[in-house]
Amino acid sequence: LILDEGTGTPTWSRATKAWGFNELGYLEELASGCAFFGGARLVRNLCTGNSDNFSGATLGRCSIVSAAVANHRGTDTAVKYLLDTTAGGHYARINSSAYAGMRIRVSVVVKRDEYQYISVRSGQDTTPEAFNLTTNTWINSAQAETVARSFEVIDATWIRLTVASTVSTGTKYFGVGC
């Protein structure tokens, strides 16, 4: 780079065909004569509302007690939900048919002192991925749509759960439940 002139030149180029992976992980032909720079993958946040506190979610048998609770980083961006006593599914989720054919990853950080079980849904047709917060184990076998699931113990109080799936057609659910 020639910084004093405010312009630069490519660091390298080639005259033959080459192949590389794009930001989505697909193999593609790289144009000859062009510099190629790798970098971070493209990530699109498809969550409506604030994705820090999932404020755009549909709530089922629960309510938001506070939308400004201290999180694992010490900032007040976590949401505290209170489950009601009615039997059935308790959840905060997004219902959508807009993600058919996409690979979706839902990652949530959960405080472990309130409930023993939590489920994470990233477009599964039938059953969400259920996790035991006391034993740090997945309760059920991975669903057919699930391509990956993991957990990370942040500290004694907080845990991060991540579920990724390839979404089929129709309305699907994305979110968390108890």
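The coordinates are above.
Residue positions are given per chain, counting from 1 as you read along its sequence in written order. Whole-chain, interface and lining totals are the exception, using all residues; otherwise, since this is a predicted model, local features are given only for residues with pLDDT of at least 70 and side-chain atom pairs are given and counted only at 80 or more. Neither water nor hydrogens contribute to the side-chain values; these are computed over all heavy atoms in the structure.

J.: Can you help me understand the sheet that holds strand E7 (residues 103–111) in this one?
T.: Strands were regarded as paired on the criterion that DSSP finds at least two bridges between them. Labels follow the DSSP assignment, with helices taken as runs of H or I lasting at least four residues and strands as runs of E lasting at least two, numbered in each case from the N terminus. Across the sheet, which stays open at both edges, the three strands sit in the order E7-E12-E11 with antiparallel pairing between neighbours. In this open sheet, the two strands that pair with only one neighbour each are E7 and strand E11 (146–153). For this sheet, the mean inter-axis angle between neighbouring strands, taken without regard to orientation, is 10°. When E11 meets strand E12 (residues 158–166), the two strands line up antiparallel, connected through seven bridges. Across the sheet, the residue bridging to Thr146 is Ser165, located in E12. A fitted line through C-alpha atoms serves as each axis, taken over the contacting stretch for helices, and the angle formed by two N-to-C directions is quoted from 0 to 180°.

J.: Even after reading the chapter, I still don't get the side chain of Asn71, so can you show me in this structure?
T.: Relative to the elements of secondary structure, Asn71 occurs in the loop between strand E4 (62–69) and strand E5 (78–83). Using a relative accessible area of 10% as the deciding quantity, one classes Asn71 as buried. Within the structure, the side chain of Asn71 is placed 2.8 Å from the backbone nitrogen of Arg73, a separation counted as a polar contact. Other than its neighbours up to four places away in sequence, Asn71 contacts Thr77, Ala78 and Trp158. Working definition: with a 1.4 Å probe on protein chains only, accessible area under 20% of the residue-type maximum means buried, over 50% means exposed, and in between means partly exposed. Definition of a polar contact: a pair of N or O atoms within 3.5 Å, with one able to donate and the other able to accept a hydrogen when the atoms are protein atoms, and with sequence-neighbouring residues admitted only if both atoms are side-chain atoms. By definition, residues are in contact when any of their heavy atoms lie within 4.5 Å.

J.: Quick question: what am I supposed to make of the pattern of salt bridges here?
T.: Note on pairing: side chains with opposite charge can pair once their charged atoms come close. Any Lys or Arg side-chain nitrogen located within 4 Å of an Asp or Glu carboxyl oxygen qualifies as a salt bridge. Tallied over the entire structure, the rule returns four salt bridges. Residues Glu129 and Arg149 are paired through a salt bridge, measuring 2.5 Å at the closest nitrogen-oxygen approach. On the criterion of sequence distance, the pair formed by Glu129 in strand E9 (residues 129–132) and Arg149 in strand E11 is long-range, its members being 20 residues apart. Look at Glu129 and you get buried, because its relative accessible area is 0%. Classification of Arg149 by relative accessible area gives partly exposed; the value is 25%. Between Glu152 and Arg160 there is a salt bridge, with its nearest N and O atoms 2.6 Å apart. Judged by its relative accessible area of 39%, Glu152 is partly exposed.

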